[in-house]
Amino acid sequence: MASVSWRHALFFLVAVNLPVLTMACSSLYGNAIEEFCLVKFKLDMEVLDQQQWCSWEDTVESYGELTNCTFLVALKMNCFWPNRMVDEFFIRVHRHYFHDCSLSGRLLHDPPNRILGPFIVVPILVTLLMTALVVWRSKRSEGIV
């Protein structure tokens, strides 16, 4: 019977204190990552031209520093990481800075004509060649019957 009351006490302790810790983390942690992490990321992104925001090569260092910053702040504040606040934070960052980017992280554009040209010309030539072959073969088989 003693183990049952000990389990109940432990459950009560965790159930009561966990929401308090979580609430403290969410309000303070959210403010801390906005103040310490986002400010530097904004400055890093302002240095780049807006057209470079979708270039992973140009933003990977700043994005990595932002991610590490959110982790270190969570570690210092004894908060779980990742958590709901981090998810919401990064969703806001993506909506602001990366909303026009493709899923691959690169801007989509047509390839150069030297690459695109053969992909257009070869199927056209094959179609014309096959049509000529069918016409030639159908004319040739008329006399064999």
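For the structure given in this document, a descriptive report is provided here. (Residues numbered from 1 in each chain as written. Predicted model: local features only at pLDDT ≥ 70, side-chain atom pairs only at ≥ 80, totals over all residues. Heavy atoms only, no water.)

## What about the overall build of the protein?
Across its full length, the protein carries four helices and zero strands. Along the protein, from the amino end to the carboxyl end, the secondary structure elements read α-α-α-α. Expressed as a percentage of its 145 residues, the buried residues of the protein come to 23%. Put simply, of all contacts in the protein between residues at least 6 apart along the chain, 73% involve residues at least 24 apart. For the protein, the computed accessible surface area is about 11600 Å², with 67% contributed by carbon and sulfur atoms. (Helix = DSSP H or I, 4+ residues; strand = E, 2+ residues; numbered from the N terminus. Buried < 20%, exposed > 50% of the residue type's maximum accessible area, 1.4 Å probe, protein only. Contact = heavy atoms within 4.5 Å. Areas by Shrake-Rupley, 256 points an atom, 1.4 Å probe, with all protein chains shown as cover.)

## Concerning a nonpolar patch on the surface
A cluster of nonpolar side chains, contributed by Ile120, Val121, Ile124, Leu125 and Leu128, occupies part of the molecular surface with about 460 Å² of accessible area. By the element assignment, Val121 lies in helix 4 (residues 113-141). (Patch = residues over 30% accessible without salt bridge, like charges linked within 9 Å, V, L, I, M, F, W, Y side chains within 5 Å. Salt bridge = Lys/Arg side-chain N within 4 Å of Asp/Glu carboxyl O.)

## Some details on the pattern of salt bridges
For the coordinates displayed, the defined rule picks out four salt bridges. Two residues, Lys40 and Asp44, come together in a salt bridge whose shortest N-O distance is 2.9 Å. Of this pair, Lys40 and Asp44 both sit in helix 1 (residues 2-47), four residues apart, which is roughly one turn of that helix. Residue classification places Lys40 among the partly exposed positions, given a relative accessible area of 42%. Of the charged contacts, one joins Glu88 and Arg84 as a salt bridge, the two residues approaching to 3.0 Å between their closest N and O atoms. You can see Glu88 and its partner Arg84 sitting in helix 3 (residues 84-97), four residues apart, about one turn around the helix. For Arg84, a relative accessible area of 51% translates into the label exposed. If you follow the salt bridges from partner to partner, you end up with Lys40, Asp44 and Glu65 in one network.

## A few points about the state of the cysteines
For the structure shown, the criterion picks out two disulfides. Bridging Cys37 to Cys69, the disulfide has an S-S length of 2.0 Å. Classification of the bridge connecting Cys37 and Cys69 rests on its S-S torsion, roughly -80°, and on that basis the disulfide is left-handed. Of this pair, Cys37 sits in helix 1 while Cys69 is found in helix 2 (residues 56-76), placing the two residues 32 residues apart along the sequence. Taking relative accessible area as the criterion, Cys37 reaches 3% and is therefore assigned buried. (Disulfide = S-S within 2.5 Å.)

## Concerning the packing of aromatic side chains
Two measures describe an aromatic ring pair: the distance that separates the ring centres and the angle between the ring planes. Scanning all chains against the criterion turns up eight aromatic pairs. Measuring from ring centre to ring centre gives 4.9 Å for Trp53 and Tyr97, while their planes differ by 65°; the resulting arrangement is edge-to-face. Here Trp53, found in the loop between helix 1 and helix 2, pairs with Tyr97, found in helix 3; they are 44 residues apart in sequence, far enough to count as distant. Its relative accessible area of 13% is what places Trp53 among the buried residues. With a centroid separation of 5.4 Å and an interplanar angle of 80°, the aromatic rings of Phe89 and Phe90 are classed as edge-to-face. In this structure Phe89 comes out as buried when scored by relative accessible area, which is 1%. (Phe/Tyr/Trp six-rings, centres within 6.5 Å; stacked < 30°, edge-to-face > 60°.)

## Here we look at the nonpolar core
With 25 residues, the main nonpolar core has Tyr29, Phe41, Val93 and Phe98 as its most contacted residues. The biggest single contributor to this core is helix 1, with eight residues. (Core = buried A, V, L, I, M, F, W, Y, C linked by side-chain atoms within 4.5 Å.)

## Considering the packing of helix 2 against helix 3
Between two packed helices, both the angle of their axes relative to each other and the distance between the axes serve to describe the pair. Following both chains from N to C, one finds helix 2 and helix 3 inclined at 160°, their axes separated by 12 Å at the closest point. As summarised for this structure, helix 2 and helix 3 are arranged roughly antiparallel, according to the angle between their axes. Helix 3 is crossed by helix 2, and the crossing has right-handed handedness. Here Tyr63, Leu66, Thr67 and Thr70 of helix 2 lie close against helix 3, whose contacting residues are Phe89, Phe90, Val93 and His94. Along the lines of polarity and charge, the residues of the contact of helix 2 with helix 3 split into five nonpolar, three polar and no charged. (Axes fitted to C-alpha atoms, helices over the stretch in contact; angles between N-to-C directions. Parallel < 35°, antiparallel > 145°, perpendicular 65-115°, else oblique. Left-handed = near helix turned anticlockwise from the far one by under 90°. Nonpolar A, V, L, I, M, F, W, Y, C, P; charged D, E, K, R; others polar.)

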